[in-house]
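# Structure at a glance
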Amino acid sequence: MRVPMALQGVSVVELAGLAPGPFCGMVLADFGAQVVRVDRPGTRGDLSRMARGKRSLAVDLKQPRGAAVLRLLCARADVVLESFRPGVMEKLQLSPEILQRENPKLIYARLSGFGQSGRFSRVAGHDINYLALSGVLSRIGRSGEAPYAPLNLLADFGGGGLMCALGILMALFERTRSGKGQVVDANMVEGTAYLGSFLWKTQQTGLWGQPRGQNMLDGGAPFYATYRTADGGFMAVGALEPQFYELLLRGLGLKSDELPSQMSITDWPEMKKKFADIFAKKTKAEWCQIFDGTDACVTPVLTFEEVTHCGHHKDRGSFIIDSEQSVSPRPAPQLSNTPAVPSSERDPFVGEHTEEILKEFGFSQEEISQLKSDKIVESNKPRANL
């Protein structure tokens, strides 16, 4: 018997957008929510590849009758998720005021770059811009070099999609008490700044007292860095505590009484060079053998190709394979009673489920045929491979 998931019975209408919004919707779907992705007719699909577990309804929201279709869906949904620039939904007559008037229990989640208000709210931006405005980007980078963004993980997915999912869950929980929905104003700038709370709270301490790239956790310390191995791989070192640092030195064949103090900042550059020279003399596999089972906090930097073969990940089933043999991380965190059971099916085609979704929401076949004929909605059933 299939175990019920945490969000089973929660109905979500997700308006298709770029990476942060689809990720938020995928998190909800992975944990059991019924997510309908509303696509624009004529588009080629979810470019972010985060449509797992969702169904696709293609409808032209720029046409009044298309917007009316969405209003009918939202009248029966628990959550609507949109990631347009502020003002777009208002122009479509799909504002929170309109949708929540028809459905007072609706959670209206708005995921944007800069927020629904403020002087930057209506301008374009991407992860690196949100990261820059949050203040966090100024702390990331090597000494003497320009700041650099760590892919688009921090703002798009951490401060954006994941924070939005958290906001939705909190609003759903509060609704169990009040019976009312609310608006979730999630944005990448403030979400990223909030993720960086530790940086703000500790900026005047020894952790961040030096310029960028010269601190304990940003690549300045020799015992918190990555090192190239003889075969071109890399090892990650995080031996912060003295007892772990001692084990690191032992594994490297060094003696602490012959070296500067661990916290002698002026000696860090020379120690980094010394560590780099030693790591470069053995392969990644050899270093793994030396440090395996120790508390030296030394681990291999696994590539995407290597990560699925890691024994630890195999023990936990940390990665999953879908029907197209694509590998992806298993949803996190693990729940003991209602674990996520992510779909293994392929991503839906745009408009693949248009007819069945409309029927579920009370549209007759005649009404659906008329909407298709008038190009308000689009239906794209996959063709059988003969």
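Because the structure is a prediction, the values reported are computed rather than measured.

### Section: the sheet that holds strand β4 (residues 79-82)
Spatially, seven strands are ordered β6-β5-β4-β1-β2-β3-β12 in an open sheet, and the strand pairing comes out mixed. Strand pairing shows two members of the sheet lacking a second neighbour, β6 (183-187) and β12 (377-378), which therefore form its edges. Sheet topology places strand β2 (residues 34-39) next to strand β3 (residues 54-59); five bridges connect them, and they run parallel. Residue pairing in the sheet places valine 38 in a bridge with leucine 57 of β3. Helix α6 (residues 153-178) contacts β4, β5 (107-112) and β6 of the sheet and is inclined by roughly 165 degrees relative to β5.

### Considerations on the packing of aromatic side chains
Throughout the structure, instances matching the rule amount to nine aromatic pairs. Centroid distance phenylalanine 23 to phenylalanine 157: 5.4 Å. Interplanar angle 85 degrees. Geometry classified as edge-to-face. Of the two residues, phenylalanine 23 sits in helix α1 (residues 20-30) while phenylalanine 157 sits in helix α6, which places them 134 residues apart along the sequence. As far as the burial class goes, phenylalanine 23 and phenylalanine 157 line up, both buried. Ring centres of phenylalanine 114 and phenylalanine 120 lie 5.7 Å apart, and the angle between their planes is 65 degrees; this geometry places the pair in the edge-to-face category.

### Points about the domain arrangement of the chain
According to the domain assignment, the chain contains domain 1 (11-197 + 335-378) and domain 2 (224-301). Between domain 1 and domain 2, the C-alpha centre-to-centre distance is 44 Å.

### Considering the environment of alanine 33
As for its placement among the helices and strands, alanine 33 is situated in the loop between α1 and β2. The sequence separation of alanine 33 and leucine 247 amounts to 214 residues, and the corresponding C-alpha distance is 47 Å. In contact with alanine 33, other than residues within four places in its own chain, are Leu7, Val10, Val12 and Leu28.

### Let's talk about unusual backbone geometry
Note the cis peptide between alanine 332 and proline 333, where omega equals 0 degrees. Here proline 333 is to be found in the loop between β11 (327-329) and α14 (354-360). A positive phi angle, close to 60 degrees, is found at cysteine 297, a residue other than glycine. Its place among the elements puts cysteine 297 in the loop between α11 (284-291) and β9 (298-300).

### A closer look at the nonpolar core
In terms of nonpolar packing, the biggest core is built from 33 residues, with Val10, Val12, Leu28, Ala33, Val79, Cys164 and Ile168 touching the most fellow members. Looking at this core, the elements with two or more residues in it are α1, β4, β5, α6, β6 and α7 (188-195). With seven residues, α6 is the largest single contributor of residues to this core. Counting 28 residues, the second-largest nonpolar core is a separate cluster that includes Val13, Leu61, Cys74 and Val377.

Conventions adopted
Residues numbered from 1 in each chain as written. Predicted model: local features only at pLDDT ≥ 70, side-chain atom pairs only at ≥ 80, totals over all residues. Heavy atoms only, no water. Pairing = 2+ DSSP bridges. Helix = DSSP H or I, 4+ residues; strand = E, 2+ residues; numbered from the N terminus. Contact = heavy atoms within 4.5 Å. Axes fitted to C-alpha atoms, helices over the stretch in contact; angles between N-to-C directions. Phe/Tyr/Trp six-rings, centres within 6.5 Å; stacked < 30°, edge-to-face > 60°. Buried < 20%, exposed > 50% of the residue type's maximum accessible area, 1.4 Å probe, protein only. Domains from an automatic or database assignment. Core = buried A, V, L, I, M, F, W, Y, C linked by side-chain atoms within 4.5 Å.

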